[in-house]
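Chain and residue survey
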Amino acid sequence: VRCFHCTQVIKYREDYKMLGIPETATPEEIKRAYFQKAKDVHPDSSDAVDDTAFIELKTAYERLINESKFGTSSYNASDPRNDPRNQAYWDLRRRPQKSEEEKQRERRAENARRGMERKIMKRGIIGVIIGIFFGTIFPALFIGDGPQKELCNCEKCLLKRIRANPSTRFIVKEIKKKNEESIPTVTPST
């Protein structure tokens, strides 16, 4: 998390590095370093097609000169950084534009995060389905098979086994239907 009161100090450190001078430089040293660097990156005097390096150098110089004149310890009405009608005011408050590479990196990170969320959701759904299957459906398939076949098949024992397995209570209805079908119905003869 970036705190507002720390941001300016970090910008100024970058500005000093850009001009190649120490942080204790005087305004004269700042000016001298600016003119030397400007000769190298100015679009008219160099082969550079893009003028962004020169613009960044110029804004760094302006920030450092304003800082050396006015400082940041107190409010000064004559400081151009405190006047909304001045460009320096807005330059300090404007968020730096992200490069295309940074935007692509953020998009890749966002896509990776979404992919991970999808994986987690799929695994959760599969886990729930497997839990339902093995918790209710799978045990219901094997009632009456295996060692339980040799056990007593009276209604009392069947009900006891079914009550011991709460996921198979619905089988009681099926057993009752089978019992009713196996009992022959006697029709009265006349």
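Worth saying up front: this structure is predicted, and the values here are computed from it rather than measured.

Here is what the cut-offs are and how they apply
- Residues numbered from 1 in each chain as written.
- Predicted model: local features only at pLDDT ≥ 70, side-chain atom pairs only at ≥ 80, totals over all residues.
- Heavy atoms only, no water.
- Core = buried A, V, L, I, M, F, W, Y, C linked by side-chain atoms within 4.5 Å.
- Buried < 20%, exposed > 50% of the residue type's maximum accessible area, 1.4 Å probe, protein only.
- Helix = DSSP H or I, 4+ residues; strand = E, 2+ residues; numbered from the N terminus.
- Contact = heavy atoms within 4.5 Å.
- pLDDT = per-residue confidence, 0-100.
- Phe/Tyr/Trp six-rings, centres within 6.5 Å; stacked < 30°, edge-to-face > 60°.

1. What to know about the nonpolar core
- Formed by 13 residues in total, the largest nonpolar core has its most connected members in L19, I21, I30 and Y34.
- Counting only elements with at least two residues in this core, the list comes to helix 1 (4–19), helix 2 (27–41) and helix 3 (52–70).
- At five residues, the largest contribution of residues to this core is made by helix 3.
- Sequence-distant contacts of L19, that is, excluding residues within four places in its chain, are made with I30, A33, Y34, K37, L57, Y61 and L64.

2. Details of the confidence of the model for the protein chain
- Residues with a pLDDT of 70 or more make up 66% of the protein chain, whose mean pLDDT is 75.
- Contacts of residues 1–9 to residues separated by more than four positions or lying in other chains number two contacts, the stretch itself having pLDDT below 50.

3. Section: the packing of aromatic side chains
- On inspection of all chains with the given rule, the structure shows two aromatic pairs.
- Ring centres of Y34 and Y61 lie 4.1 Å apart, and the angle between their planes is 15°; on these two criteria the pair is classed as stacked. One end of the pair, Y34, is in helix 2; the other, Y61, is in helix 3, with 27 residues separating them in the sequence. Y61 matches Y34 in its accessibility class, with the two residues each being buried.

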